[in-house]
Amino acid sequence: MRVTRFAPSPTGPLHLGHAFSALTAAARAEGGTFLLRIEDIDRQRSKPDWERRIYDDLHWLGLTWPEPVLRQSDRLPAYRAALERLWAERLLYPCTCNRRDIMDAASAPQEGGLRFGPDGVIYPGTCRGHDRSGPIPDDVPLRLDIARAASRLEGPLLWTETGEDAGMREIAPGTLIESIGDPVLARRGMGTSYHLAVVIDDARQGVTEVVRGRDLVEATPLHVLLQRLMRLRIPEFHHHRLIRDETGRRLAKRDDARAIGLYRDEGARPADIRRMIAL
Ligand code: GLU
Ligand code: ZN
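None of the values given here were measured: they were computed from a predicted structure.

S.K.: So what about the pairing of strand 2 (residues 33-38)? Which residues, and what values?
M.R.: Within strand 2, six of the six residues are buried, which leaves the element mostly enclosed by the surrounding structure. The alternating pattern of strand 2 places T33, L35 and R37 and F34, L36 and I38 on opposite faces, both of which are buried. Note that strand 1 (residues 3-6) and strand 2 share four bridges and pair parallel. Along strand 2, the bridge assignment pairs V3 with T33. Crossover strand 1 to strand 2 through helix 1 (residues 16-28) is right-handed. Two elements, strand 2 and strand 3 (residues 70-71), share two bridges in a ladder whose sense is parallel. Bridge pairing in strand 3 links R37 to L70. This β-α-β element, strand 2 to helix 2 (residues 48-60) to strand 3, shows right-handed connectivity.

This is the structure we're talking about:
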């Protein structure tokens, strides 16, 4: 039984790129189950009104999903439990470096200049030596010691991509310190991070194929590493093309001009949306 999902954050209007992602995920369910998940761990930016509009736009597009919808803000105990296990295994350390500290340390000559990975600037490991004993600290950002995590795994990270570049992927876990650095798994005021929450919830919901944009393809090795560390089932991954504007730039939250709601207000039909995204 196939299970796919669309996992928007209620921080702005859904635009054509979201429509493409949601319709692709629903089509990939192929008679199985298409789920909607609300990724609202950022309590500052998430708004009930945006969430309501997400339901409205997706229903208008003709999509349906099982209720109740899983909301990440209701899942904090599950994220906390996972963090406690990783903490007990000495795989996490507290880090209160701010962006400026990280930029300065990462751009030092011996670090070879700033490099970016799927968790932002590749963290130079300034706080890796911080104390990991005692109880898990409260509301302090926690990073994963990715080299140590990798050393706990046997064999390569293996997964299947089913999108345009379909095939098996194989990565040695020891290379992630170079390509990602130590990612933040718990952000201040959130109790989790995107990477941790998405992996835990995909497993909890029995997602068999993760359908999302190409912009997240580089996060996949980290997600598979987390799945292996937490002994979760590894789903298939389908990274779809991105919807771009006339200048070739991919659509983002700021592209409110491409909001589905605006097209609707102008009298567009769902078929018009499908045509615009070439479905
Ligand atoms: N909430 C994420 C986003 O809107 C979902 C990413 C994913 O599908 O893994 O980009
Ligand atoms: Zn730090």
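S.K.: Provide a residue-level description of the coordination of the zinc ion (ligand 2), including the pertinent values.
M.R.: Protein coordination at the zinc ion (ligand 2) comes from C95 (SG), C97 (SG), Y123 (OH) and C127 (SG), with a distance range of 2.1 to 2.3 Å. Each of the four donor atoms around the zinc ion (ligand 2) contributes to a set of angles spanning 91 to 130°, which defines the coordination as tetrahedral. All donors of the zinc ion (ligand 2) belong to a single chain; written as a sequence motif, their spacing is C-x1-C-x25-Y-x3-C. The same class applies to Y123 and to C127, which are both buried.

S.K.: Give a description of the nonpolar core that names residues and reports values.
M.R.: In terms of nonpolar packing, the biggest core is built from 36 residues, with L92, L144, L185, L225, L229 and M230 touching the most fellow members. Not counting chain neighbours up to four residues away, the residues in contact with L185 comprise L83, L86, L92, L142, R143, L144, T192, S193, L196 and L226. Ranked by size, the runner-up nonpolar core spans 27 residues in total, among them A25, L36, L58 and I277.

S.K.: Pulling in residues and values, what's your account of the site of ligand 1?
M.R.: All residues adjacent to ligand 1 are R5, A7, S9, E39, Y194, V198, R212 and L216. Contact distances for ligand 1 include 3.4 Å between a nitrogen atom and a side-chain N or O atom of S9. Between ligand 1 and Y194 there is a distance of 2.8 Å, counted from an oxygen atom to a side-chain nitrogen or oxygen. In isolation ligand 1 has 300 Å² of accessible area, and contact with the protein removes 77% of it. Residues belonging to the shell around ligand 1 are distributed by class as follows: four nonpolar, one polar and three charged.

S.K.: Can you lay out the packing of aromatic side chains for me, pointing to particular residues and giving the numbers?
M.R.: Overall, the coordinates contain one aromatic pair when judged by the stated rule. Of note, R143 hangs over the ring of Y123, and the distance from its end group to the ring centre comes to 3.6 Å.

S.K.: Give me the lowdown on helix 3 (residues 76-88), citing residues and values where you can.
M.R.: Relative to the 18 Å expected for 13 residues at 1.5 Å per residue, helix 3 spans 18 Å between its end C-alpha atoms, a close match to the ideal helical length. Those residues of helix 3 lying buried are Y79, A82, L83, L86 and W87. Along the axis of helix 3, the buried residues cluster in a sector spanning 140°; they form a single face. In helix 3, the exposed positions that point more than 90 degrees away from the buried face belong to P77, R85 and A88. The secondary structure elements touched by the buried residues of helix 3 are strand 4 (92-94), strand 7 (142-144), strand 10 (184-186), helix 7 (194-204) and helix 8 (220-229). Where helix 3 ends, the next residue or the one after it, R90, has phi of about 60°, a positive value.

S.K.: Describe in detail the pattern of salt bridges, supporting the description with residues and values.
M.R.: Evaluation of the coordinates by the stated rule reveals 26 salt bridges. Taking the shortest distance from any N to any O, the salt bridge between R80 and E84 comes out at 2.8 Å. Note that R80 and E84 are positioned in helix 3 at a spacing of four residues, about one turn of the helix. Taking the relative accessible area as the measure of exposure, E84 reaches 37% and is therefore partly exposed. Here the salt bridges share partners, and the residues they tie into one network are R2, R28, E30 and E209.

S.K.: Which residues make up the sheet that holds strand 2, and what are the values?
M.R.: Pairing in this open sheet of three strands is parallel, and the strands run 1-2-3 from one edge to the other. Edge positions in the sheet fall to strand 1 and strand 3, since each has one partner strand and no second. Contacts from helix 1 reach strand 1 and strand 2, with the element oriented near 170° to strand 1. In this fold helix 7 packs onto strand 1, strand 2 and strand 3, with an angle of close to 145° to the strand it touches most, strand 2.

S.K.: Any chance you could break down the pairing of strand 11 (residues 209-213) for me, citing the residues and the numbers?
M.R.: The buried fraction of strand 11 amounts to five of the five residues, a majority that puts the element mostly inside the structure. Two elements, strand 11 and strand 12 (residues 236-240), share five bridges in a ladder whose sense is parallel. Along strand 12, the bridge assignment pairs E209 with E236. Crossover strand 11 to strand 12 through helix 8 is right-handed.

Criteria and cut-off values
- Residues numbered from 1 in each chain as written.
- Chains lettered and ligands numbered in written order.
- Predicted model: local features only at pLDDT ≥ 70, side-chain atom pairs only at ≥ 80, totals over all residues.
- Heavy atoms only, no water.
- Buried < 20%, exposed > 50% of the residue type's maximum accessible area, 1.4 Å probe, protein only.
- Helix = DSSP H or I, 4+ residues; strand = E, 2+ residues; numbered from the N terminus.
- Pairing = 2+ DSSP bridges.
- Right-handed = clockwise from strand over helix to strand, strands pointing away.
- Donors = N, O, S within 2.8 Å, 3.2 Å for Na, K, Ca; no water.
- Tetrahedral: all angles 85-135°; square planar, octahedral: opposite > 155°, others 65-115°.
- Core = buried A, V, L, I, M, F, W, Y, C linked by side-chain atoms within 4.5 Å.
- Contact = heavy atoms within 4.5 Å.
- Near = heavy atom within 4 Å.
- Polar contact = N/O pair within 3.5 Å; in protein donor to acceptor, adjacent residues only side chain to side chain.
- Areas by Shrake-Rupley, 256 points an atom, 1.4 Å probe, with all protein chains shown as cover.
- Nonpolar A, V, L, I, M, F, W, Y, C, P; charged D, E, K, R; others polar.
- Phe/Tyr/Trp six-rings, centres within 6.5 Å; stacked < 30°, edge-to-face > 60°.
- Lys NZ or Arg CZ within 6 Å of the ring centre and 35° of its normal.
- Expected span 1.5 Å × (residues − 1).
- Arc of directions from axis to C-beta.
- Salt bridge = Lys/Arg side-chain N within 4 Å of Asp/Glu carboxyl O.
- Axes fitted to C-alpha atoms, helices over the stretch in contact; angles between N-to-C directions.

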